[in-house]
Structures are given as C-alpha cells and as structure tokens.
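# Remarks on the overall topology
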Protein chains: 4
Amino acid sequence: MDIGIIGLGRMGANIARRLMREGHKCVVLDRNQDAVKDVEKAGATPAKDAADMLQKLSSPRAVWLMLPAGKITETVLTEVAGLMREGDILIDGGNSFYKDDIRRAKALRPKGIHYVDVGTSGGVWGLERGYCLMIGGDQAIVTHLDPIFACLAPGIGKIERTPGRDRRDPRAEHGYIHCGPAGSGHFVKMIHNGIEYGLMQAYAEGFDILRNKSSSDLPEDERFTLDMADIAEVWRRGSVVSSWLLDLCAIALTRDGDLKSFTGSVSDSGEGRWTVEAAIEEAVPADVLSTALYTRFRSRRDHTFAEKLLSAMRFEFGGHVEPKK
Amino acid sequence: MDIGIIGLGRMGANIARRLMREGHKCVVLDRNQDAVKDVEKAGATPAKDAADMLQKLSSPRAVWLMLPAGKITETVLTEVAGLMREGDILIDGGNSFYKDDIRRAKALRPKGIHYVDVGTSGGVWGLERGYCLMIGGDQAIVTHLDPIFACLAPGIGKIERTPGRDRRDPRAEHGYIHCGPAGSGHFVKMIHNGIEYGLMQAYAEGFDILRNKSSSDLPEDERFTLDMADIAEVWRRGSVVSSWLLDLCAIALTRDGDLKSFTGSVSDSGEGRWTVEAAIEEAVPADVLSTALYTRFRSRRDHTFAEKLLSAMRFEFGGHVEPKK
Amino acid sequence: MDIGIIGLGRMGANIARRLMREGHKCVVLDRNQDAVKDVEKAGATPAKDAADMLQKLSSPRAVWLMLPAGKITETVLTEVAGLMREGDILIDGGNSFYKDDIRRAKALRPKGIHYVDVGTSGGVWGLERGYCLMIGGDQAIVTHLDPIFACLAPGIGKIERTPGRDRRDPRAEHGYIHCGPAGSGHFVKMIHNGIEYGLMQAYAEGFDILRNKSSSDLPEDERFTLDMADIAEVWRRGSVVSSWLLDLCAIALTRDGDLKSFTGSVSDSGEGRWTVEAAIEEAVPADVLSTALYTRFRSRRDHTFAEKLLSAMRFEFGGHVEPKK
Amino acid sequence: MDIGIIGLGRMGANIARRLMREGHKCVVLDRNQDAVKDVEKAGATPAKDAADMLQKLSSPRAVWLMLPAGKITETVLTEVAGLMREGDILIDGGNSFYKDDIRRAKALRPKGIHYVDVGTSGGVWGLERGYCLMIGGDQAIVTHLDPIFACLAPGIGKIERTPGRDRRDPRAEHGYIHCGPAGSGHFVKMIHNGIEYGLMQAYAEGFDILRNKSSSDLPEDERFTLDMADIAEVWRRGSVVSSWLLDLCAIALTRDGDLKSFTGSVSDSGEGRWTVEAAIEEAVPADVLSTALYTRFRSRRDHTFAEKLLSAMRFEFGGHVEPKK
C-alpha cells in the first residue's frame, strides 16, 4: 500500500522505515528538512506540503499523523482534513486524548472522511522489534489498513503462546488489535501508559529500599551493601517480576549502579494524567497509578508549598525547627 | 500530692509549672542545670540525682519521666526502677513505643513497682491550655494519681458538650482518660499522632493546590491569585474543616503567606512510623496515614534513587532525557 | 435588602430563614410546594415562577440559586438569565464546578448581568452557626451584596483571634471572603471539600486501627479493647487533632461506639473529584486527597475487578486459592 | 552432591525433583506421607526423622528447609540444628523474615554450623523453568553449594543478554546470586515480593479502568466495551508493559474475561508487610508498595470501621444518608 506520514520524529521516521522495508510506499512530510532527507535516503517520497502529499497518494488516500500530542496535531489534522475528499482516511498515531478522537471522528463523518486512532508503543526499539498497536475506528477501514498494521506490529515472534488463543482474533498475537470505535485505540494506549507508570514506580521503590539498606542509620548488623545490577539481572530469570522494564533497569544499572548520570527529575506526559481522570470518571480506585504520577510531579520540585506548611504547623504547635537535610 | 519529674525540656518544665500552680509539690532533675534553675524559681525542689529525688518524695513515690523517646528513657527508667521499692510508681510521659511499655510493666510487676504510661499532647500551648492525657496502667494506680492528671488536663472549659456524655466516664470531658492496661496510653497517643500527620497533610495538599492556581502553566482565564491567610482565616468560622491545626495554619500564613522562613524539610518522629506498623499488624488499610509519612521522608531528600531509576528507564526505553527543573 | 432564592432544600431554606431573621426580604421558588409553604411561614414571599420572582424584587434584582450541582442549575440559570436585564445579579450558591462559573460569567457579561459564585459551607448547622462563604465575582457587586453575606456568615463569635489580623480584610474574621473573579469562590470551596475528604479519612483510618487493636489475630498481651467514644471526647480537649469533624465523631461514637446503623457505603460529590483534577492540572502531588476519594469509590463496591485480577494472577503463578473472608 | 530436604509442599517437592533430574541425591522428610511417596517415586530417599536424614547424608551435611514461614520453620530448624555438628549446613529456602536469619546465623556460628538463606522464586513453574535464587551466607559455603544452586536456577536460557555483563559475576545471568551475609538473600527476596505486589496492583487497576469503560454511568458516546483478553495479549508483543505477570493475566483473561471464578478476596504474605516496614526503617517513600498491600487488606473485608465512621461524619454534618450499593 501507499501511505502518507506527517511527522518524522523518532517514532514517525522509524515507522516509515519499517513500512518501506516490507515494500510499502511512504510519502513523507516534516518541517525539519534533515529529517525528511534521512527518510528519503531510505526510499521515501518527500512531499512539499499536505496538498502535494495527497496528490502523490492513490485513492482512498491514507495519511498517518505522528506528531506530539496537543495543538500541533489538531492544527495539522484540520488542515489535512480540509484537503481530503470522501473515502480518505486520517490516522492519528500520536498520543492524543481519546475524547479528541471521538470529537474529530464525529466532525469528519459527515464529510465521509474516516478517522482512525492508533496507540503505538515501541519506543526506540520499535524499528527492530515492531510496534504494539491499539487501534480505534470503523471495522471496514481498519480491515482496509490491515497490511500497514500487520507490517508495523512485531508478529508472533518467539513469545510463548497463551493457551486458548486459537479460538480468538489472531491479530492480538501478532501485536495489534482493533479495540473498538474511534477513540478506543488511544484509550487503551492511555491506560497502557498509566500501567507503565505504576510498574516503573514499583521497581523504583523496590530498588530504593535495596540501595538504602546500607544506610548508616540502620543497626550495624542489619545493613547490607547490595549489588543493584546483579539483582536486576537475576530477577530476569525465573522470577515473577521479570519484564521488559526490568530488562531496561538491568541495562541501566549494569552501566552504572549509582545512576550518576541522572538527577531524578522525571517528566510525565498526558496519558498518566488522563488515566487518573478516567479512573475518577468511572469511580474506580486507582491508588497506584495516581501515586506514581504524583511522584513524578514531586520529583520536579525542590520543595512543595505543602511541605513548607507542614513545617510551619510543626513550628506553631510544638516549636519544632526544621532539620538540616 | 508530691511527684518527681525527670526531664525538664519544653514539655517537662511546663508540666512541673502547671502542677505547682495548683499546689502540687515537684522534685525535679535534669542534666541541664539552667533548666533546673528555671523551674526552681517557679517553686520546684531540685534533686541531685535519682536517689536524692526518691528520698525527697513521700511514699508511695511517683516519678514522672519526660525524656525524648528511645535509649535515654530506657536508661533512666532502669536506673530509677533499681532504686524504687514495692508500691512506688514509675510514669513515662514521653513518646515511648507502647510495646516497650508492655515489656517494662511486665518486668517491674514482680518487684511491686507500678508502671503507668501517659501519652501527652499539648505542645508549647499546654502550660496555658492544659494537656490532653491518654493513660495506661492499673486501675488503682491511675485513680491514686488522679489529682495529678486532673490538674494537668485542660478541664471542661468552654467547649460545647457532646450529647449523651452524662452517662459516661467524666474524665474524658476534662481532657484525660484511662485507656486500659500499661501500653494502651501510648498506643492511643501514637494513633493520635498518626492522625495528626494525616490531617496536616490534607491541609498541606489543599493549600498547595490553592497556591499553584496562579501558575502560568494554566490557561490564563483559569488562574486565580488567592490569599492564603484569608482563606485559612475564613475556614475557621462556620466551616467543617475548622480545627486547631487550621488555627495554626492561619497564624503562620497571616505572618507570611509565602512561608519564606521554611525550607520544607519535615521531620517525623516514631509515632507516625509505629502507626503504620500497627495498621499492618492489624491488616487495616491506612493509605492516608502512610502517605503522610512518606511525604515527610521525601521532603528531606534532594532526590530519591527511585526517581533516578525512573529517569533511567525512560531513557532506555524511549531515549527521553530529563527535563531541567 | 431583598433577594430571590431558588431551591429550598436543606441549605436554601435555612439560608432564607437566616436572612429573614435579620430583616432581609426573601422571594422564594421551589418545585416542592411543601418546602415553599414552610419558608412562607417564616416570612418569605412565594413566587409563581422566575418571572414572577423578578417582578417582586427591587432593582438591581439579585437571585440566589441553591440547587444541586449539575444540569438543574444550568437549566434554571439559563432561564433566569434570559429574564434578567442589565445590572441584575445571578448568584450560584450551590456546589458548581468553577470552570462552569468562568464560562457563565463570560457569557453573561455582554448582557450586563453580573454573576457571583458563592461556595457555602455549614451543613445542617448553618442556620444557627452561620455559613462560611467563599465568594467569586466583581468587586463592586460583591460589595453591593455585603449585607447578605455579612448576615449569612457566622461573624467573629467567641473564636480566638489570629495574631496580625488587624491589618487585613476584616471580612475573613467574620466568616466570608471575596476570593477573586467569578469561579474563584467555588474553586476555594472545592479545595475546602477536598481537604475535608482528607481530614475525614485520617480520622477514619486512625479509629479503625484503634478499634482493631482488640483483634484476636494479635498476640494476646498486645490487644487492647479501647473506648472509641471516650477517645474521641478526650481529643477534643487540649489535643492538636481537635476539630469540628472530631466533634462530629464524638457525637456519633457516643451514640453508638460500633456505628451499627451505618453500612460503610460512602458517597462522594463532585468537589472531591474536581480537587484531584485541579491538582493534576497544576502538577501538585495530592496523594492524601486522592486516596481519600478512592476509599469512597471502593466502599461502594462488593469487590473490584482489580481484586479479581490479583487473585487470578496469584492462582496462575503460585496455584494459590482465595481465602474465605 | 547429596542434600536433605525437609518440607515437600509444592515448592519443596519440585526442588527435589529438579535436583534429582540432574543427578543430585535427595534425602527427604515431610509429615505428609503421600508427599514423601510421590517424591520417592522420583528417586528420593525417605528419612524417618531429622536424625535419620542426617545419618543418610555425607559430611558436611546440608539440609534445605522448605517450610511455610513462621513458627514451623523455627521449630524444625532448632531441632535439626540441635542434631548437627561442626561444619554442617542449614539452608532456609522458605520465606523467612531476614532478621530471623541474622539472629539464627549468629546463634549457630559458635557451634560451627553454617546458615544459608535462599530466597526462591518460581511458583508452580519452577520445576520446568528453574528457580530464581537470592542467596545469603558465607562466601565459602555458598561456593560449596554451587552445584545445587546452579542446578535449581533457570540458566542463561534464550533470554537476551544485558550489555556489559561480561565483566560481572556470571551467576546472575544463570539465575542465582550471592547477595551478601546471612539474611541478605531473604531481604532481596522480600523486596522482590514487595515489587511484585506493586506490579500486580498496577495491572489490576489498569484493567479495572478498561473494564469499567463500558459503564452506563458514562456519557453514551464515551463508552467502550473492550476485550480484556485481547488487550492483555497484544501488550505481550512490542509493548513496554510486557512481563511475566502480564502473561499470567493473558492466560487468566483468555480463559474467562469476567474472572467469574474469583471473588476478589486477596491474601497477603509476610514479605509485602515486611517490605513496607523496611522502607519505613530506611525512611524511603514506598507509596506504591504500601497501597498495593492495603488493597489486599481491604479486599478481605465487607466494610471497614473507617468507612462507617466516614458515613457517620457525613450524617452528623450534612444529614446525608448512605447510598444503596
């Protein structure tokens, strides 16, 4: 198939590469001309602008947006949609908020333009390993795009099969699923990222306790100086906490058990926040997912106003002065 | 009555003062001679050492320890107990761990020495307002000491009565209770402090959200610059969040709405930690009390190892670099 | 002054009563004719409908809506605003979402209709004690309505003054404040309720640990059977955890220490949820306020799907079967 | 080598089997004679009692205890140690508390008996996949036992190597490590289980939000009916949340997406609790690991006293009655 790709950042460029390796034709667009040239070398056709891209694609034209979430996606999406005609397909592969997908799909429906949202996981590893795809949109369109999805997904690989999968949709085993109507792909991806926050925080807290077991505040015969890298490594084999995230911990801790190159200031992106909001809308308790998010908020501040107020109350009540850190 | 008081820190000295105001006789001891002299001026009889103190008291001798929790209490207590005779009374008014009380009471019982633990709340305000007392020990001994407790407690004051109290132990309304056997006084005080952590954290988070409502990260028409002091003040009247801790917030925020004199590095004492451990022993969920404790741990660090590991995982998976604070 | 009041539930009816006691004239409206008649007996003028109410008020007409948050407020507000003329004042005293206030004020401004939002705390106690008011809106209008606010607020009462208040807005000490532009009143009230959730949960967890200290799962010499009512009572005097909420605990526990008349299924209203969302928008950690909310979610379910999945994972990994409760 | 194994539950019996498959000789003991017979069929030598077991082993005798944590381990350990002579080796492979290990090793040292603690992860899968082993004890003894550990561990398998492991202890890659002195093996295993709780809870909350996205409480166009099994499956491929625990979710959800065979009453074992206590001793924030534990506590109750008190406060303040579930 041929497909347009707008946005050639780390994810977009690699998606184009993976598609072209298997013979798909990619027409590409990015404000950054260096990014365009890189992908052109790998076989992509550059477009001057959205109109040019659409002209270079066969009907129905399918355009995959791979842009940072937020305003830029909305702007480009509006522009491209304005140039599309009935039957064309707009795919948002970024990390958009699923309610935006629902709204967009609804707005485009009267014009006959199909909207597909694709939650895409894979990071810098996706080019080689493939991308896990969570897709929302109309059945017929998702089926039409199957060659694209099948190519991007990791495939069944060497991973052990889950008993009972024979009677079920084979796409899941190949690493992509059709979740439901527009918005559902990004919704599932959003929860995926929320879970990721929680998993990361569980490992982070555990290794923190392991590391501080050598603290001189503890009784001398209860101190251990533990090897973070070896512990991460051994858990990769036969232990129930083995995971891809643990593999990444092992890589980082083997390189430097003190993680000296990191300050510990941790970003968060929309998905973690939206996950908590979704939990609240559904009245589902989400303590772990929330606290994992808050840890990131806290990591980016020297001190919170909350902490100052705690100190102030302690001072007013008991005359307590603050300890030096 | 006469009573010995060992430990003339902020709490101990004021306890002596409040007792002497109402005619009780205090024999006092402290390593710090200035502290002794201060209380002597208020009428106390200084003792050279524990033996001297016991000689200066009438039988059965009652000695109140008001020392920082931990080793020092244990050391002094062992020394004084060694000098006591059958019928004497040892009172620990500090913040000891209740399991230590249980152990001590058991050890002293064969010698006929009575052990009483008194959880004491009141801070720097206690001298004037009185102390809230939570008492553990044998019925007869607690009754014997009633004049001391009644004097230290705030009394019924101007606080509105709770309907139905007529049929109940009148001591609670006067600000002191006999909780149960040895250890139960400190247990109730421990939970009291655990709750205090939770209450403080609730206010702290709320004011933090109020304050950050002026953040330039928010949409312009959703920003408010709110007056922390006025808000604390207004909630003191007619609002369901009114409390003593809120009064203290109002005092601190009226003095300086930015709390510039505080860094936000917050100590914790044993009671907060023991409360969580008690919850775990009983399999009672204690999310708020625990997270309030953890906030204090976090406040005393620049960054945790946990946060560095989060950054490391993000880097390994997605090539993400850390934001600048 | 005269004022229209729409919505004569528990809060609205008592607000009318408190205003009329001090000589204000109330024109009232409610679908429930019994509620209308009750307030009529106390001196209110009933209105047939919104148009009738406006006719019975002097210019500029001020109408206070005291309706359950959500659709009904929006509907009535739209209707009344449609009947108003330049200079009239619409007051929303319910628990509306502050972003709705911002939107409404903006929409009404071109028509010259003033919008004021009033966060109102006081519960069933407000008629006697007065209401704590958090007000958002234009300066001039808030000043114009001052007689209403001053009458509803508790006044300075017998509560000890905060040092340094002399140099500040005296309204806070009387129990009402002008927080800022439209929306800010409900925003402050929202955080107030968020804090309330956290405070309540702190007490709840603490008393849960106290009560379960008699559990037969604990070692025999570490069990205490504690008197919940006496503990709540004693903490009301001289203890740093004293508060209005604790007074309410004391009332409830004195009536029945086992709280047998409650099942433990706990509602939550919008403010607790919106508080968490506000924290997330500001990137402020709000662990206590969030977990207090989640506890309520959990309390309304027999079991969560989350718990079933935990059991399923335990079964698949270790062959563990579930314990009987 | 030959080794004695006391305790032939699921784990102990399979450990014996895996050792015998590779030619090690096992002398076994269990109160349950059926368990003994089963392992005898696989080649084990049954012992009548501990003394008999020791006689059937060559010197230095090594005995592996695989008993439920707690009193039974302590009892059997004391008995066996009483029968051992200098140079013999006692191995505790169960889930003992690491402070018990420290105490035991210290007590046995004067008698020349070596104590080794082995944290063992592998569940019902260990016989085929091998066990992840975290070992504490003296260097020389751990080296002496290496054939046993190497045989039980999974080995390097098909798992991708972590860059930089060449310069490090090769045992970690084979699935076993020597963590440090006695107690350190169980300490690392304890944290491992603590992390496991956190990971499990993250998945559990995420799937709960996914499932409740079909709730009729949500706006109709924001509802999705999602396929739990397909989502678990797709995340196993190319997604950063892939893990062994996710594999187990996929197995369970493929069998029954509603998990109807589970009530959701979830046990916890000592390690989760001890992990929180260790965090507190080190003053390390452990929000996720704690809340994961509390969720299990809550899952085993119909309602908590905390929830009843929340309802009681709501009733006293606002006259609110409880909703029906």
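Reference entry: report on the structure contained in this document. (Residues numbered from 1 in each chain as written. Chains lettered and ligands numbered in written order. Predicted model: local features only at pLDDT ≥ 70, side-chain atom pairs only at ≥ 80, totals over all residues. Heavy atoms only, no water.)

### Side note on the overall build of chain A
Tallying secondary structure elements over chain A gives 15 helices and eight strands in all. Dimensions along the principal axes, computed over C-alpha positions, put chain A at roughly 75 × 50 × 45 Å. Burial statistics for chain A: of 325 residues in total, 66% are counted as buried. Of the contacts made within chain A by residues no fewer than 6 positions apart, 63% connect residues no fewer than 24 positions apart. Carbon and sulfur atoms make up 50% of the accessible area of chain A, which amounts to about 11600 Å² in all. The averaged location of the 46 negative side-chain charges in chain A is 3 Å from the averaged location of its 43 positive side-chain charges. (Helix = DSSP H or I, 4+ residues; strand = E, 2+ residues; numbered from the N terminus. Buried < 20%, exposed > 50% of the residue type's maximum accessible area, 1.4 Å probe, protein only. Contact = heavy atoms within 4.5 Å. Areas by Shrake-Rupley, 256 points an atom, 1.4 Å probe, with all protein chains shown as cover. Lys, Arg positive; Asp, Glu negative; His and termini not counted. Charge placed at Lys NZ, Arg CZ, Asp CG, Glu CD.)

### Digging into the sheet that holds strand β7 (residues 132–136) of chain D
Residue and element names in this part refer to chain D. In spatial order, the strands read β3-β2-β1-β4-β5-β6-β7-β8; together these eight strands make up an open sheet with mixed pairing. In this open sheet, the two strands that pair with only one neighbour each are β3 (45–46) and β8 (176–180). Packed on one face of the sheet, helix α5 (residues 98–108) meets β5 (89–92) and β6 (114–121) and runs near 155° to β6. (Pairing = 2+ DSSP bridges. Axes fitted to C-alpha atoms, helices over the stretch in contact; angles between N-to-C directions.)

### Considerations on the pattern of salt bridges
Within this structure, the stated rule accounts for 112 salt bridges over all chains. Between R129 of chain D and E160 of chain A there is a salt bridge; the shortest N-O distance is 3.6 Å. Here R129 of chain D, found in helix α6 (residues 126–129), pairs with E160 of chain A, found in the loop between α8 (146–152) and α9 (171–174), and the two come from separate chains. Residue E160 of chain A is classed as exposed on the basis of its relative accessible area, which comes to 54%. For D256 of chain B, the salt bridge goes to K260 of chain B, with nearest N and O atoms at 3.5 Å. By relative accessible area, which is 19% here, D256 of chain B ends up buried. With a relative accessible area of 62%, K260 of chain B lands in the exposed category. (Salt bridge = Lys/Arg side-chain N within 4 Å of Asp/Glu carboxyl O.)

### Remarks on the relation of the copies chain A and chain D
Superposing chain A onto chain D takes a rotation of 180° combined with a translation of 0.0 Å along the rotation axis, leaving an RMSD of 0.1 Å. What the rotation and shift describe, once combined, is the action of a two-fold rotation axis. Judged by C-alpha distance, S243 of chain A is the residue of chain A that lies nearest the rotation axis, at 1.9 Å. Here 100% of the contact residues of chain A are again contact residues in chain D; the copies associate through an equivalent surface. (Least-squares fit on C-alpha atoms with pLDDT ≥ 70 in both.)

### Points about the side chain of S243 of chain D
Of note, S243 of chain D is situated in the loop between α11 (228–235) and α12 (244–255). Among the polar contacts made by the side chain of S243 of chain D, one reaches the side chain of Y203 of chain D at a distance of 2.6 Å. Setting aside residues up to four positions removed in sequence, S243 of chain D forms contacts with S242 and S243 of chain A together with Y203 of chain D. (Polar contact = N/O pair within 3.5 Å; in protein donor to acceptor, adjacent residues only side chain to side chain.)

### Digging into the sheet that holds strand β2 (residues 25–29) of chain C
Strands belonging to one sheet form pairs held by backbone hydrogen bonds; the direction of such a pair is parallel or antiparallel. All names here are of chain C. What the eight strands build is an open sheet, ordered β3-β2-β1-β4-β5-β6-β7-β8; its pairing is mixed. Looking along the sheet, the strands with just one partner apiece sit at the ends: β3 (45–46) and β8 (176–180). One ladder, built from three bridges, connects strand β1 (residues 2–6) with strand β4 (residues 62–65); its direction is parallel. Paired with I5 across the strands is W64, a residue of β4. Here helix α10 (residues 184–211) sits on the sheet in contact with β5 (89–92), β6 (114–121), β7 (132–136) and β8, set at roughly 15° to β6.

### Focus on the interface of chain A and chain D
Taken together, the contact between chain A and chain D spans 93 residues of the former and 93 residues of the latter. For the pair chain A and chain D, the two sides together bury roughly 7600 Å², of which 67% comes from carbon and sulfur. Per-residue buried area on chain A facing chain D is highest for I209, R237 and V240 of chain A; these three make up 10% of the total on that side. The tally of links from chain A across to chain D stands at ten salt bridges. In this structure, R168 of chain D and D227 of chain A form a salt bridge, with 3.7 Å as the shortest nitrogen-oxygen distance. For the pair chain A and chain D, the interface holds 28 residue pairs in polar contact (both at pLDDT 80 or more). The element contributing the most residues to the side of chain A that touches chain D is helix α10 (residues 184–211) of chain A, with 17 residues. Considering only residue class, the side of chain A that touches chain D consists of 47 nonpolar, 23 polar and 23 charged. (Buried area = accessible area lost by both parts, 1.4 Å probe. Nonpolar A, V, L, I, M, F, W, Y, C, P; charged D, E, K, R; others polar.)

### Regarding the packing of aromatic side chains
Counting across every chain of the model gives 48 aromatic pairs over all chains. Seen in terms of ring centroids, F187 of chain A and F224 of chain D are 5.9 Å apart; in terms of plane orientation they differ by 55°. Their pairing is tilted. Of this pair, F187 of chain A sits in helix α10 while F224 of chain D sits in the loop between α10 (184–211) and α11, each in a different chain. This pair shows no difference in class: F187 of chain A is buried, exactly as F224 of chain D is. Taken together, F97, Y98, F187 and W274 of chain A together with F224 of chain D form an aromatic cluster joined through their ring pairs. In this structure, R296 of chain B packs its charged tip against the face of Y197 of chain B, placed 3.7 Å from the ring centre. (Phe/Tyr/Trp six-rings, centres within 6.5 Å; stacked < 30°, edge-to-face > 60°. Lys NZ or Arg CZ within 6 Å of the ring centre and 35° of its normal.)

### Section: the side chain of R236 of chain C
For R236 of chain C, the location among the structural elements is in the loop between α11 (228–235) and α12 (244–255). Judged by its relative accessible area of 5%, R236 of chain C falls in the buried class. Within polar-contact distance, the side chain of R236 of chain C engages the side chain of T162 of chain B at 2.8 Å. In this structure, R236 of chain C is in contact with I159, E160, R161 and T162 of chain B together with S242, L246, D247 and A250 of chain C, ignoring residues within four places of it in sequence.

### Things to note about the packing of helix α14 (residues 287–299) of chain A against α10 of chain D
One way to put it is that α14 of chain A packs onto α10 of chain D with a least axis distance of 8 Å and a crossing angle of 110°. Viewed along their axes, α14 of chain A and α10 of chain D adopt a mutual orientation that is roughly perpendicular. Where α14 of chain A approaches α10 of chain D, its residues D287, V288 and L289 of chain A are matched on the opposing element by G198, Q201, A202, E205, G206 and I209 of chain D. Residue composition of the contact of α14 of chain A with α10 of chain D, grouped by class: four nonpolar, three polar and two charged. (Parallel < 35°, antiparallel > 145°, perpendicular 65-115°, else oblique.)

### Some points on the relation of the copies chain A and chain C
Here chain A sits on chain C after a turn of 180° about the axis and a move of 0.0 Å along it, with an RMSD of 0.0 Å. Take the interface residues of chain A: 100% of them recur as interface residues in chain C, which is what a same-surface contact looks like.

### Points about the environment of A69 of chain D
Residues and elements named next belong to chain D. Inspection of the secondary structure assignment puts A69 in the loop between β4 (62–65) and α4 (71–83). Given the relative accessible area of 41%, A69 is considered partly exposed. Residues A69 and T254, 185 residues apart in the sequence, show an inter-C-alpha distance of 33 Å. With residues up to four places along the chain from it excluded, the contact list for A69 reads N95 and S96.

### Thoughts on unusual backbone geometry
Peptide bonds are trans in most cases, and residues, glycine excluded, mostly fall at negative phi. The step from S59 of chain B to P60 of chain B runs through a cis peptide bond, and the omega angle for that step is -10°. The backbone phi angle of A283 of chain A is positive, close to 60°, even though this residue is not glycine. Assignment of secondary structure puts A283 of chain A in the loop between α13 (270–282) and α14. Of note in the backbone geometry, L259 of chain C takes a positive phi value of approximately 50° without being a glycine. Along the polypeptide, L259 of chain C turns up in the loop between α12 and α13 (270–282). Classification of L259 of chain C by relative accessible area gives buried; the value is 1%.

### So, helix α1 (residues 10–21) of chain C
Residue and element names in this part refer to chain C. Helix length check: α1 (twelve residues) gives 17 Å between terminal C-alpha atoms against 16 Å at 1.5 Å per residue, within 8%. Of the residues making up α1, those classed as buried are G12, A13, N14, I15, A16, R18, L19 and M20. Following α1 by one or two positions, G23 has its phi on the positive side, about 95°. (Expected span 1.5 Å × (residues − 1).)

### Quick word on the packing of helix α14 (residues 287–299) of chain B against helix α14 (residues 287–299) of chain D
Relative orientation of the contacting elements α14 of chain B and α14 of chain D amounts to 170°, with a least axis distance of 10 Å. The orientation of α14 of chain B with respect to α14 of chain D, classified from their angle, is roughly antiparallel. Residues D287, S290, T291 and Y294 of chain B of α14 of chain B touch α14 of chain D, and the partners they reach there are D287, S290, T291 and Y294 of chain D.

### Some details on the interface of chain A and chain C
Taken residue by residue, the interface counts 23 residues in chain A and 23 residues in chain C. Approximately 1900 Å² of surface area, both sides summed, lies buried where chain A meets chain C, with 64% of it carried by carbon and sulfur atoms. Summed over the shared surface of chain A and chain C, the result is zero salt bridges. Where chain A touches chain C, the interface holds ten residue pairs in polar contact (both at pLDDT 80 or more).

### Points about helix α15 (residues 305–318) of chain D
Structurally, the α-helix is built with 3.6 residues per turn, so residues lying three or four positions apart point the same way. All names here are of chain D. Counted at 1.5 Å a residue, the expected span for α15 with its 14 residues is 20 Å, and the 20 Å between its end C-alpha atoms agrees. Listing the buried residues of α15 in full gives F305, A306, E307, L309, L310, S311, A312, M313, R314, E316, F317 and G318. Note on α15: the residue one or two positions beyond its end, G319, has a positive phi of about 70°.

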